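One-letter residues, chain by chain:
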Amino acid sequence: MITPRSWLPIPLLSLLLLLVWLLLVRSLTVGHLLLGSALAVAIPLFTYRFWDVQPRVKRPGLLLRFILRVLGDIIVANFQVAWLIINPWQRSRPHFVEYPLMLEERFTITLLANTISLTPGTVSANLRMDGKTLLVHALNVEDEDALIAEIRDRYERPLKEIYEC
């Protein structure tokens, strides 16, 4: 007997693919529903072997708080970068910082690097081959140790608690 798990390995992805298909074609006709459903089943079915194991969220409440914190930081950083741009008399102090990682899983390291890059004024530039150091470029660095402590407290520790603890 065919179980739903065998023909629908990632149900949430299938639903998302169907919704995106319907939004792209901007039609709810039977033909588009059938074609979108076929694609929503076929794409995950043929690609799930290439996907990493889906991480388990160990603390969903903390994940929501983390998302809100990142969104707030993005808004604040946008204003800080805009202020640097419109104030020519205030000089920025760009700097590369080698950030030592506490995280061990590839997924959480990727999330941390993406979170750093999403925040205006910072970008994660490189992950060392040993996976223990992340090279971060910041637009305005007054104190390298303060930047490392801020990234660790605001982003890395919550990610470790959410996914790795």
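All chains use their own residue numbering, which begins from 1 and follows the written sequence. Local features in a predicted model are, by the rule used here, given only for residues with pLDDT of at least 70; side-chain atom pairs are given and counted only at 80 or more, and totals for whole chains, interfaces and linings are based on all residues. Only hydrogens and water are removed before side-chain values are computed, so all heavy atoms of the structure are retained for them.

With that settled, the discussion passes to the UniProt feature "transmembrane region" (unreviewed entry) in the protein chain. UniProt positions are given in the numbering used here, feature names are shortened, and annotations may be inferred rather than shown by experiment. Taking the UniProt record as the reference, the feature "transmembrane region" (unreviewed entry) is found at residues 66-86. Helix and strand assignments come from DSSP, with helices taken as H or I runs of at least 4 residues and strands as E runs of at least 2, each series counted from the N terminus. The annotated region residues 66-86 carries 100% helix and 0% strand content, and the separation between its end C-alpha atoms amounts to 30 Å.

Planes of paired rings set the category: under 30 degrees apart is stacked, over 60 is edge-to-face and the rest tilted, where pairs are Phe, Tyr or Trp rings (Trp by its six-membered ring) whose centres lie within 6.5 Å. The tally for this structure, following the rule as stated, stands at 2 aromatic pairs. For the ring pair Phe66 and Tyr155, a centre distance of 6.3 Å and an interplane angle of 90° mean the geometry is edge-to-face. Taken as a pair, Phe66 in helix 4 (residues 60-86) and Tyr155 in helix 6 (residues 144-164) lie far apart in primary sequence, 89 residues in all. When its relative accessible area of 8% is taken as the criterion, Phe66 is described as buried. Whether a residue is buried, partly exposed or exposed follows from its accessible area with a 1.4 Å probe, protein chains only, as a fraction of its type maximum: under 20%, in between, or over 50%, in that order.

Packing of helix 5 (residues 106-118) against helix 6 leaves a shortest axis separation of 10 Å and a crossing angle of 150°. Viewed along their axes, helix 5 and helix 6 adopt a mutual orientation that is roughly antiparallel. As helix 5 packs across helix 6, the resulting crossing turns out to be right-handed. Seen from helix 5, the contacting residues are Phe107, Thr108, Leu111, Leu112, Thr115 and Ile116; seen from helix 6, they are Ile151, Tyr155, Glu156, Leu159, Tyr163 and Glu164. Where helices are involved, their axes are fitted lines through C-alpha atoms of the stretch in contact, as for all axes, and angles between N-to-C directions lie from 0 to 180°. When describing relative orientation, an angle under 35 degrees is termed roughly parallel and one over 145 degrees roughly antiparallel, while 65 to 115 degrees is termed roughly perpendicular and anything else oblique. Crossings are classed by handedness, with left-handed meaning an anticlockwise turn of the near helix from the far one by less than a right angle and right-handed meaning a clockwise turn. Whether two residues touch is decided by their heavy atoms; if any such pair falls within 4.5 Å, the residues are in contact.

We now examine the domain arrangement of the protein chain. Accessible area lost upon the coming together of the parts is a frequently used measure of interface size. Each domain's extent was defined by an automatic or database domain assignment. On domain assignment, one finds that the protein chain holds domain 1 (11-50) and domain 2 (60-164). Computed over C-alpha atoms only, the centres of domain 1 and domain 2 are separated by 35 Å.

This brings us to the side chain of Asn87. Here Asn87 lies in the loop between helix 4 and strand 1 (95-100). You can call Asn87 buried: its relative accessible area is 3%. Two N or O atoms count as a polar contact when they lie within 3.5 Å, although within protein this holds only if one can serve as hydrogen donor and the other as acceptor, and sequence-adjacent residues are included solely when both atoms are side-chain atoms. For Asn87, the side chain forms a polar contact with the main-chain oxygen of Trp83, separated by 3.1 Å.

To continue, consider the packing of helix 2 (residues 11-25) against helix 3 (residues 30-47). Two elements in contact, helix 2 and helix 3, have axes separated by 8 Å at closest approach and are oriented at 140°. For the crossing formed where helix 2 meets helix 3, the hand is right-handed. On the side of helix 2, the interface is formed by Leu13, Ser14, Leu17, Leu18, Trp21, Leu22 and Val25, while helix 3 contributes His32, Leu33, Leu35, Gly36, Ser37, Leu39, Ala40, Ile43 and Pro44. Looking at side-chain class alone, the contact of helix 2 with helix 3 contains 12 nonpolar, 4 polar and no charged residues. Just so you know the grouping, Ala, Val, Leu, Ile, Met, Phe, Trp, Tyr, Cys and Pro go in nonpolar, Asp, Glu, Lys and Arg go in charged, and all remaining residues, Gly too, go in polar.

For Arg26, which is not glycine, the phi dihedral falls at a positive 50°. Examined against the element boundaries, Arg26 turns out to sit in the loop between helix 2 and helix 3. On the basis of relative accessibility, which here comes to 75%, the residue Arg26 falls in the exposed class.

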